[in-house]
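Spelled out from the first residue to the last, the chains are:
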Amino acid sequence: MAKFPKDFLWGGATAANQFEGGWNENGKGVSASDVATRGSRTKPRYVTYQTSDGEIHADLMFGLDVPEDAKFGCFEGYDYPSHQGIDFYHRYKEDIALFAEMGFKTFRMSINWTRIFPTGMEEEPNEKGLEFYDDVFDELLKYDIKPLVTISHYETPVGLTNAWGAWADARTIDCFARLVNVLANRYKGKVEYWLTFNEINCLSFGGWLAAGVPSKDPQKIAMAGKHQFLASAKAVKILHEVDANNKVGCMIGYTPLYPHTCHPDDVLKNWQANNKNYFYSDVQARGYYPSYKLKEYEQAGIDIHLTEEEKQLLKEGTVDFVSFSYYMTSTTSADPEVLANAGGNMMFGVNNPHLKASDWGWQIDPVGCRMACNFMWERYQKPLMIVENGIGTQDQLIEENGQKVCHDQAHIDYLRQHIQAMSDAINIDGVELWGYTPWGCIDLVSAGTGEMHKRYGFIYVDFQDDGSGEGNRYKKDSFYWYKKVIASNGEDLD
């Protein structure tokens with residue numbers, strides 16, 4: 001039987017760019033996600049921009065590397081899924097009422113930076129944007145749902161990218177600090193839990209989504225990481241100074257790794273790869289760059305120009321808790337022949353023959369979830385939250401007895417196993433876990449593929465990738481199951 005602390009924060013997670021819609025309403029500017037096109041399981045996402053000769057281009061979002069004269073924007077003839085999302089912007093009261101019906105204790109959401117500062121460079125915030133989040137927070141608090149707010153979740157203003165390369169330039173730090181200062185003061189007493197950057201370590205896979213940096217240059221990526229670390233540390237200090245009750249966390253995309261075999265070369269390669277997992281949370285939770293990363297930079301000829309003043313800021317701005325997404329594990333190998341045939345989770349690593357996979361090839365490993373909790377707890381000794389977890393499935397809305405229903409047993413099976421793993425981490429291993437917010441608690445646009453077809457939610461949203469649907473909401477079987485889980489504080493998983 002699963003058991004959780006009496007004040008455990010059950011809830012769900014979303015991101016503004018994937019579900020808000022209203023992309024250009026009431027003064028909102030253009031974000032990095034707003035210029036990313038729709039893809040699918042077989043078609044990648046692209047990012048659109050114009051060069052100085054007037055030509056419009058669309059290049060691959062992951063691994064984006066474009067000419068210096070590129071200016072990013074939205075153009076006729078392209079399908080940008082963030083523009084509609086699932087229209088939470090107009091239907092937030094309906095959606096929050098559904099979250100309340102499930103019994104949510106917390107709701108993880110993000111601030112759309114360009115709704116507050118349209119280009120990121122303004123001195124004064126957009127009042128209409130602030131009012132929208134006031135309304136959302138008030139609606140959540142009406143149901144005693146605590147907002148868990150990610151300040152930056154793949155929503156870097158395109159204005160900053162077009163001006164100076166966004167996070168590759170140190171000037172973005174002050175723009176972010178201005179945003180944080182406005183949020184901290186405006187929502188004091190309404191928001192207690194904050195995350196600075198979503199999956200900050202995704203910078204390792206390309207600069208666009210995580211930082212609005214349209215380059216693969218290792219020096220630029222390293223500098224973007226440094227600037228986000230400094231901005232996060234400043235955010236921690238600002239939020240603590242404005243309200244001592246604020247709790248500020250970091251957030252990484254965490255994929256624990258297994259060695260493909262027990263061969264020492266595989267084990268060494270696995271250890272090295274795991275360090276890349278931890279680097280970003282090491283800096284944010286410990287307050288300094290680890291020696292293994294500094295040595296890696298030195299060997300690669302990368303100079304991050306870290307001053308003594310900056311080192312002190314990192315030390316003073318460590319987070320209160322550590323949060324992460326957990327979807328799966330992956331497998332590493334030092335054998336070139338094995339790597340030549342690799343095709344594991346998200347096309348990274350080697351396929352694990354002991355695990356089943358989702359329709360999108362993400363392997364299912366609840367034991368890895370328990371280990372993830374233990375690895376993070378032992379490394380940092382700071383409270384943890386799992387703020388994303390789930391499985392994307394091809395859910396179908398059908399009619400039974402005159403009602404539209406959705407039987408999503410795969411969601412229930414996946415979540416049951418992972419909640420049990422979290423319980424084991426708490427009750428058997430002694431991990432301090434504060435909360436759990438499964439990803440996409442309501443169907444939304446996939447960040448990786450830009451499609452609606454990949455559905456995670458407890459609530460089916462009738463929008464389709466071909467533009468059809470009116471966005472009506474329908475409770476899936478998992479809605480009623482998760483409601484029971486929360487009501488029993490995790491003890492009833494049947």
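Above this text sits the structure in question.
The residue numbering used here restarts from 1 in each chain and proceeds along that chain's sequence as written. Where local features are concerned, this predicted model is filtered to residues with pLDDT of at least 70; where side-chain atom pairs are given and counted, the filter is 80 or more; whole-chain, interface and lining totals use all residues. Note: side-chain values were computed over all heavy atoms of the structure, leaving out hydrogens and water.

**Describing the overall build of the chain**
Right, on to step 1. Counting its regular elements, the chain contains 15 helices and 17 strands.
Right, on to step 2. Counting over 494 residues, the chain shows a buried share of 60%.
Right, on to step 3. Any two residues whose heavy atoms approach within 4.5 Å at even a single point are treated as in contact. Considering only residue pairs separated by 6 or more positions, the chain has 74% of its internal contacts joining residues 24 or more positions apart.
Right, on to step 4. In this description, accessible areas are obtained by the Shrake-Rupley approach with a 1.4 Å probe, and a residue is regarded as covered only by the protein chains that are shown. Summing over all exposed atoms, the chain offers an accessible surface of approximately 19,500 Å²; the carbon and sulfur share of this is 50%.
Right, on to step 5. His is not counted, nor are the chain ends, whereas Lys and Arg count as positive and Asp and Glu as negative. In plain terms, the charge of a residue is placed at NZ if it is Lys, CZ if Arg, CG if Asp and CD if Glu. Charged side chains in the chain number 47 positive and 69 negative. The centres of these two groups are separated by 3 Å. A helix here means a DSSP run of H or I that spans at least four residues, while a strand means a run of E at least two residues long, and both kinds are numbered starting from the N terminus. Throughout this description, buried means an accessible area under 20% of the type-specific maximum (1.4 Å probe, protein chains only), exposed means over 50%, and partly exposed covers the range between.

**A look at the side chain of serine 110**
Right, on to step 1. With respect to the helices and strands, the residue serine 110 is situated in strand S5 (residues 106–110).
Right, on to step 2. Here a polar contact is taken to be a pair of N or O atoms separated by no more than 3.5 Å, where protein atoms must pair a possible hydrogen donor with a possible acceptor and residues adjacent in sequence count only if both atoms sit in side chains. A distance of 2.8 Å separates the side chain of serine 110 from the backbone nitrogen of alanine 16, its partner in a polar contact.
Right, on to step 3. A polar contact is formed between the side chain of serine 110 and the side chain of glutamate 155, at a distance of 3.2 Å.
Right, on to step 4. Those residues in contact with serine 110, other than ones at most four positions away along the chain, are Thr14, Ala15, Ala16, Glu20, Tyr133, Thr150, His153 and Glu155.

**Quick notes on helix H9 (residues 264–286)**
Right, on to step 1. Helix geometry: H9 is bent most strongly at tyrosine 278, by close to 45 degrees.
Right, on to step 2. Backbone geometry just after H9 places glycine 287 at a positive phi near 90 degrees. The term bend refers to the angle at a residue between two fitted axes, each drawn through seven residues, those ending there and those starting there.

**A closer look at the environment of aspartate 408**
Right, on to step 1. Position of aspartate 408 relative to the elements: it lies in the loop between strand S14 (403–405) and helix H14 (409–427).
Right, on to step 2. The class for aspartate 408 is buried, based on a relative accessible area of 2%.
Right, on to step 3. A C-alpha to C-alpha distance of 27 Å links aspartate 408 and tyrosine 80, two positions 328 residues apart in sequence.
Right, on to step 4. In this structure aspartate 408 touches Asp395, Gly457, Lys476, Asp477 and Ser478, once residues within four positions along its chain are discounted.
Right, on to step 5. A polar atom in the side chain of aspartate 408 sits 2.8 Å from the side chain of histidine 411.

**Overview of the sheet that holds strand S10 (residues 321–326)**
Right, on to step 1. Around the barrel, which closes on itself, the eight strands sit in the order S1-S5-S6-S7-S8-S10-S12-S15 with parallel pairing between neighbours. Ignoring which end each strand starts from, the neighbouring axes of this sheet average 30 degrees apart.
Right, on to step 2. Against the sheet, helix H4 (residues 127–142) engages S5 and strand S6 (146–152), with an angle of about 170 degrees to S5.
Right, on to step 3. This element, helix H6 (residues 171–186), spans S6 and strand S7 (193–197) of the sheet and lies at about 165 degrees to S6. A strand pair is defined by DSSP finding two or more bridges across the two strands. Axes here mean lines fitted to C-alpha atoms, for a helix over just the part in contact, with angles spanning 0 to 180 degrees between N-to-C directions.

**A look at the packing of aromatic side chains**
Right, on to step 1. Paired rings are identified among Phe, Tyr and Trp, the last through its six-membered ring, by centres lying within 6.5 Å, and are further divided according to the angle between planes into stacked (under 30 degrees), edge-to-face (over 60) and tilted (the rest). Under the counting rule described, the total for this entry stands at 38 aromatic pairs.
Right, on to step 2. With centroids separated by 6.4 Å and ring planes inclined at 65 degrees, the aromatic side chains of phenylalanine 19 and phenylalanine 107 adopt a geometry described as edge-to-face. Residue phenylalanine 19 is located in helix H1 (residues 16–19), and its partner phenylalanine 107 is located in strand S5; the two are separated by 88 residues in the primary sequence. Comparing phenylalanine 19 with phenylalanine 107 shows no difference in burial state: the two are buried.
Right, on to step 3. Pairing tryptophan 113 with tryptophan 167 gives two aromatic rings, centres 6.3 Å apart and planes at 55 degrees, and the pair type is tilted. In this pair, tryptophan 113 sits in helix H3 (residues 113–116) while tryptophan 167 sits in the loop between helix H5 (158–164) and H6, placing the two residues 54 residues apart along the sequence.
Right, on to step 4. Judged by relative accessible area, tryptophan 113 falls into the buried class, the value being 1%.

**Examining the nonpolar core**
Right, on to step 1. By size, the foremost hydrophobic cluster in this structure holds 143 residues, and its most contacted members are Phe99, Trp167, Phe176, Phe324 and Tyr482.
Right, on to step 2. At 13 residues, the largest contribution of residues to this core is made by helix H8 (residues 218–242).
Right, on to step 3. Other than its neighbours up to four places away in sequence, phenylalanine 324 contacts Met251, Ile252, Tyr254, Ala372, Cys373, Met376, Leu384, Met385, Ile386, Val387 and Glu388. Put simply, a nonpolar core is a bunch of buried Ala, Val, Leu, Ile, Met, Phe, Trp, Tyr and Cys residues held in one set by side-chain atoms that sit within 4.5 Å of each other.

**A closer look at the packing of H8 against helix H11 (residues 308–316)**
Right, on to step 1. In contact at an axis separation of 8 Å, H8 and H11 are set at 50 degrees when each is read in the N-to-C sense. In terms of orientation, H8 and H11 fall into the oblique class. Read as a crossing pair, H8 and H11 show a hand that is left-handed. Of the residues in H11, those touching H8 at Lys226, Phe229, Leu230, Ala233, Lys234 and Lys237 are Glu310, Leu313, Leu314 and Glu316.
Right, on to step 2. In this count, Pro and Cys sit with the nonpolar residues alongside Ala, Val, Leu, Ile, Met, Phe, Trp and Tyr, while Asp, Glu, Lys and Arg are called charged and the others, Gly among them, polar. Partitioned by chemical class, the residues of the contact of H8 with H11 number five nonpolar, no polar and five charged. The scheme is simple: roughly parallel for angles under 35 degrees, roughly antiparallel for over 145, roughly perpendicular for 65 to 115, oblique for anything else. Left-handed describes a crossing whose near helix is turned anticlockwise from the far helix through less than a right angle; right-handed describes the clockwise counterpart.

**Here we look at the environment of tyrosine 80**
Right, on to step 1. Along the chain, the position of tyrosine 80 falls in the loop between strand S4 (71–72) and helix H2 (88–102).
Right, on to step 2. By relative accessible area, tyrosine 80 is classed as buried at 7%.
Right, on to step 3. Apart from residues lying up to four places away in sequence, tyrosine 80 is in contact with Asp34, Val35, Ala36, Thr37, Thr48, Gly73, Cys74 and Phe75.

**Details of H4**
Right, on to step 1. When the terminal C-alpha atoms of H4 are compared, their 22 Å separation across 16 residues agrees well with the 22 Å that a helix rising 1.5 Å per residue should span.
Right, on to step 2. Among all positions of H4, only Gly129, Leu130, Phe132, Tyr133, Asp134, Val136, Phe137, Glu139 and Leu140 are buried.
Right, on to step 3. For H4, the elements touching its buried residues are H1, H2, S5, H3, S6 and H6.
Right, on to step 4. Note on H4: the residue one or two positions beyond its end, aspartate 144, has a positive phi of about 60 degrees. Multiplying one less than the number of residues by 1.5 Å gives the expected span of a helix.

**Some remarks on the pairing of strand S12 (residues 384–388)**
Right, on to step 1. When you tally the buried positions in S12, you get five out of five residues, the bulk of the element.
Right, on to step 2. Strand direction decides the pairing type here: S10 and S12, joined by four bridges, are parallel. Paired with phenylalanine 324 across the two strands is isoleucine 386, which belongs to S12.

**Section: the sheet that holds S4**
Two modes of strand pairing occur in sheets, parallel and antiparallel, and in both the strands are linked by backbone hydrogen bonds.
Right, on to step 1. As summarised here, the arrangement of the three strands in space is S3-S2-S4, forming an open sheet in which the pairing is antiparallel. Only two strands of the sheet have a single partner each, and these edge strands are strand S3 (56–60) and S4.
Right, on to step 2. Judged from the five bridges that link them, strand S2 (residues 46–50) and S3 form a sheet pairing that is antiparallel. The residue of S3 that forms the bridge with tyrosine 49 is histidine 57.

**Some words on the pairing of S7**
Right, on to step 1. Across the five residues that make up S7, a large majority, five, are buried.
Right, on to step 2. In the sheet, S6 pairs with S7 via four bridges, with the strands oriented parallel. Counted as the bridge partner of valine 149 is tryptophan 194 from S7.
Right, on to step 3. Examined bridge by bridge, S7 and strand S8 (residues 247–254) share three bridges and lie parallel to one another. Note that in S8 the partner of tryptophan 194 across the bridge is valine 248.

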